[in-house]
Amino acid sequence: MADNLPSEFDVVVIGTGLPESIIAAACSRSGQRVLHVDSRSYYGGNWASFSFSGLLSWLKEHQENSDIVNECPLWQEKILENEEAIALSRKDKTIQHVEVFCYASQDLHEDVEEAGALQKNHASVTSANSTEAADSACLPTEDQSLSTASCEIPTEHTPSSDPEGALEVNDFEATGEKENHCDDKSSMPSTSEKETSENVPMAEETAEQPKKNRITYSQIIKEGRRFNIDLVSKLLYSRGLLIDLLIKSNVSRYAEFKNITRILAFREGRVEQVPCSRADVFNSKQLTMVEKRMLMKFLTFCMEYEEHPDEYKAYEEITFSEYLKTQKLTPNLQYFVLHSIAMTSETASSTIDGLRATKNFLHCLGRYGNTPFLFPLYGQGELPQCFCRMCAVFGGIYCLRHLVQCLVVDKESGKCKAIIDQFGQRIISKHFLVEDSYFSENTCSHVQYRQISRAVLITDRSVLKTDSDQQISILTVPAEEPGAFAVRVIELCSSTMTCMKGTYLVHLTCTSSKTAREDLEPVVQKLFTPYTEKEIENEEVEKPRLLWALYFNMRDSSDVSRNSYNDLPSNVYVCSGPDCALGNDNAVKQAEALFQQICPNEDFCPPPPNPEDIILDGDSLQPEASESSAIPEANSETPRESTNLRNPEEPSE
């Protein structure tokens, strides 16, 4: 199929990250002919999710730092005299300083393979005891101890890496993949039902995992398809731009979500739950009655702070941390507001930044649950695929493992006119969107990138034990040293479909100041204890045990100005990779801004028409059709589809 593509499109999109996928969907929906290609074998780029063996293959690929396909040396001959080429990069250089540690018992035998996988996957990872080998596991070196079976990632490993089936999110409801979790998955409007039912199957899961049953590395390999490990760790604000876009465009029908169940804080060496809703505040046993009144009074002010400028105008020049000290709040409350509600920097965030962040947090409370955040089942990597599916529904063409050799620029007009792919085919288009990682060093020679430090951990229990073992938590650990950054910790349980039963998947993220391991390991050591071979007599271990850990740095291209790139034609648009923020607002804003440049007079991702509203040629226009089609609201979808994600404030029949 790939070598028989049409020769002309309106828009060519290179890269399948979230911004590119949203733009492709919006362009296709507005009637543009869209070609969406990716040189990788999976959707999402650095927004992707992998099964465990898929992640090991991804690591192998980056360790070898090799090209995905063999170079075609003949593409230069396709460039005419009145044209010039902008060569695209053949290597992904966005991931650095990869280090992997296995603390679980490594009883891996030759016949151990991932259940249901089509190819055998063996992995020898850095032992927790071998610090010298661990130090040598960084990407730049050639002699490394990290190895996996194959650079090729089988698309059958996980729903998130399947180019077609992954988009059929709702089609998995009846399969064994979801097992007992079907009842406790949260379709948006029925969150209250989820909250009452989610604890029911969890007692059974706890019974299935006896306390003394140690999890081994071979178990993790066998259950590898239970894992969906995100490269970038984010949550969705329930009133954020992405949720609004999912509802408006009806793309929400392709995904399902769960509520984050609790907000945590790390204070004085202990993990505590933060009361943030009115009910939480008054039910909290951590706060005195006086503190409860103080907190409610301050949070009420934050919800309407813009109406009372006199209350904060005098403090605009100081940090939010200093401003909190001027309010009638105890140190305990100041800490909760600063680090767990506003989630802002102690030294860098102004009073206005803090008030705005606090208001946004409170504004998102109660829309779908007791916290402001949602998480997509099967991981963040589902979201780009949802928009890719919308693009395909409206006629977009998709090609994975399809390398674009160069952009062809017309010397006279200075505009890009075509691409040349790995088969030497010239594909003409009016507009070209390229993800940052595809540009060569020549194009990016003046670009200054920031880095994101990431860690992915597999642990045996939650950082804060409760009656239910199915908790989804977010925790912010403040920076201790000047110049360092706060670390965001997101802990996912097995009901999110991201890890096997009896384990938790923990994501750590911060803006880089050093390598990922140097930035994040101190926080890991505070929260977890390495899983050792020696049997621990006391079952009530103080900290969760760490089974497996991955550290890596990821490029942050979100704040790069277009002018930083060398000699880009005006009809070539740059999409950035993931940023370090908790939400996805940057990706949505970027996608909408670029879409308006391509289609200035078109609506951005309008809802699809109802079948009843579609008028075929030759049919007379019915008054009912004209009335209903004039109001293309998000809730005009069919009742069954609208149960996945809609505005809960809308009345339901």
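Keep in mind it's a predicted model, so treat the numbers as computed, not measured. (Residues numbered from 1 in each chain as written. Predicted model: local features only at pLDDT ≥ 70, side-chain atom pairs only at ≥ 80, totals over all residues. Heavy atoms only, no water.)

K.L.:
Got a sec to walk through the overall build of the chain? Specific residues and values, please.
P.N.:
Within the chain, the regular secondary structure consists of 17 helices and 25 strands. Out of the 653 residues belonging to the chain, those deemed buried represent 58%. Sequence separation of at least 24 residues holds for 76% of the intrachain contacts in the chain that already meet a minimum separation of 6. As displayed, the chain offers around 27,800 Å² of accessible surface, 48% of which is attributable to carbon and sulfur atoms. (Helix = DSSP H or I, 4+ residues; strand = E, 2+ residues; numbered from the N terminus. Buried < 20%, exposed > 50% of the residue type's maximum accessible area, 1.4 Å probe, protein only. Contact = heavy atoms within 4.5 Å. Areas by Shrake-Rupley, 256 points an atom, 1.4 Å probe, with all protein chains shown as cover.)

K.L.:
An account of the nonpolar core is needed here, citing residue identities and associated values.
P.N.:
Among soluble globular proteins, nonpolar side chains are generally buried collectively. One finds F52, F298, L508 and W548 to be the most contacted residues of the largest nonpolar core, which totals 100 residues. By residue number, the principal contributor to this core is strand β24 (residues 545-556), which donates 8 residues. The residues that make up this core include at least three from each of domain 1 (8-93 + 378-447 + 558-598) and domain 2 (277-364). In terms of nonpolar packing, the next biggest core, distinct from the first, is built from 45 residues, V232, V251, A255 and F595 among them. (Core = buried A, V, L, I, M, F, W, Y, C linked by side-chain atoms within 4.5 Å. Domains from an automatic or database assignment.)

K.L.:
Would you mind going over the sheet that holds strand β17 (residues 426-428) in detail, with residue names and values included?
P.N.:
The strand order across the open sheet built from 4 strands is β4-β15-β16-β17, with neighbouring strands paired in antiparallel fashion. For this open sheet the edge positions go to β4 (83-87) and β17, each flanked by a neighbour on one side alone. Going across the sheet, the axis of each strand differs from the next one's by a mean of 30°, ignoring polarity. Here 3 bridges tie strand β16 (residues 416-421) to β17, and the two strands are oriented antiparallel to one another. By the bridge assignment for β17, A418 is matched with I428. (Pairing = 2+ DSSP bridges. Axes fitted to C-alpha atoms, helices over the stretch in contact; angles between N-to-C directions.)

K.L.:
Describe in detail the packing of helix α7 (residues 241-249) against helix α15 (residues 585-598), supporting the description with residues and values.
P.N.:
Where α7 contacts α15, the two axes come as close as 8 Å, and the packing angle between them is 55°. The angle between the axes of α7 and α15 places the two elements in the oblique class. In contact with L241, L242 and L245 of α7, α15 contributes D585, V588 and K589. (Parallel < 35°, antiparallel > 145°, perpendicular 65-115°, else oblique.)

K.L.:
Mind laying out the sheet that holds strand β14 (residues 397-399), listing which residues take part and the relevant values?
P.N.:
Pairing is parallel across the open sheet formed by 5 strands, whose spatial order is β14-β2-β1-β18-β25. What marks the edges here is a single partner per strand, and that holds for β14 and β25 (572-575). Between one strand and the next, the sheet's axes are offset by a mean angle of 15°, whatever the strand orientation. Contacting β1 (11-14), β2 (34-37), β14, β18 (431-435) and β25, helix α1 (residues 18-29) crosses the sheet at an angle of about 160° to β2.

K.L.:
Describe the pairing of β18, listing the residues and the values that go with them.
P.N.:
Most of β18 sits inside the fold, with 5 of its 5 residues counted as buried. Neither face of β18 is open: one carries H431, L433 and E435, the other F432 and V434, and all of them are buried. Direction of pairing for β1 relative to β18: parallel, over a ladder of 4 bridges. By the bridge assignment for β18, V13 is matched with L433. With 4 bridges joining them, β18 and β25 adopt parallel strand pairing. Its bridge partner lying in β25, E435 is registered against C575.

K.L.:
Please give an account of the packing of aromatic side chains that cites residues and values.
P.N.:
Summed over the entire model, instances satisfying the criterion amount to 17 aromatic pairs. Ring centres of F101 and Y551 lie 6.0 Å apart, and the angle between their planes is 80°; this geometry places the pair in the edge-to-face category. A residue pair is termed long-range when its members are at least 10 positions apart, and F101 in strand β5 (residues 95-102) and Y551 in strand β24 qualify at 450 residues. Residue F101 is classed as buried on the basis of its relative accessible area of 4%. One aromatic cluster is present, formed by Y42, F50, W58 and F552 through successive ring pairs. The ring of Y335 has R267 lying over it, and the distance from NZ or CZ to the ring centre is 5.5 Å. Positioned over the ring face of Y449 is R555, at 4.1 Å from the centre of the ring. (Phe/Tyr/Trp six-rings, centres within 6.5 Å; stacked < 30°, edge-to-face > 60°. Lys NZ or Arg CZ within 6 Å of the ring centre and 35° of its normal.)

K.L.:
Explain the environment of I229 to me, using residue names and the numbers behind them.
P.N.:
Tracing the chain through its elements places I229 in strand β8 (residues 229-230). If we ignore the near neighbours within four places in the chain, the residues touching I229 are A48, S49, F50, F52, L55, V456, L505 and H507.

K.L.:
Which residues make up the environment of E223, and what are the values?
P.N.:
Along the polypeptide, E223 turns up in the loop between α6 (217-222) and β8. Take E223: its relative accessible area is 33%, and that puts it in the partly exposed class.

K.L.:
Run through the pattern of salt bridges, naming residues and quoting values.
P.N.:
Side chains bearing opposite charge may pair, as long as their charged atoms lie close to each other. Overall, the coordinates contain 25 salt bridges when judged by the stated rule. Of the charged contacts in the structure, one is a salt bridge between E99 and R517, with a shortest N-O distance of 3.1 Å. Taken together, the residues span a long stretch of sequence, with E99 in strand β5 and R517 in helix α14 (residues 516-527) at a distance of 418 residues. The exposure class of R517 is buried, given its relative accessible area of 17%. A salt bridge links R545 to D460; the nearest nitrogen and oxygen atoms lie 3.2 Å apart. Remark: D460 occurs in the loop between β19 (450-459) and β20 (473-477) and R545 occurs in strand β24; sequence separation between them is 85 residues. For D460, a relative accessible area of 18% corresponds to the buried category. Members of the salt-bridge network, linked through shared partners, are E83, D410, K417 and R426. (Salt bridge = Lys/Arg side-chain N within 4 Å of Asp/Glu carboxyl O.)

K.L.:
An account of the side chain of T94 is needed here, citing residue identities and associated values.
P.N.:
Note that T94 resides in the loop between β4 and β5. A distance of 3.0 Å separates polar atoms of two side chains, one belonging to T94 and the other to N46. Apart from the residues within four sequence positions on either side, T94 is in contact with N46, S437, N553, M554 and R555. (Polar contact = N/O pair within 3.5 Å; in protein donor to acceptor, adjacent residues only side chain to side chain.)

K.L.:
Pulling in residues and values, what's your account of the packing of α1 against α15?
P.N.:
Where α1 meets α15, the axes come as close as 9 Å, and the angle between the chain directions of the two elements is 40°. The angle between the axes of α1 and α15 places the two elements in the oblique class. In this structure, α1 crosses over α15, and the sense of that crossing is right-handed. Between α1, through L18, P19, I22, I23, A26 and C27, and α15, the contact on the second element is made entirely by A587, V588, Q590, A591, L594, F595 and I598. When the residues that make up the contact of α1 with α15 are grouped by side-chain class, the tally is 12 nonpolar, 1 polar and no charged. (Left-handed = near helix turned anticlockwise from the far one by under 90°. Nonpolar A, V, L, I, M, F, W, Y, C, P; charged D, E, K, R; others polar.)

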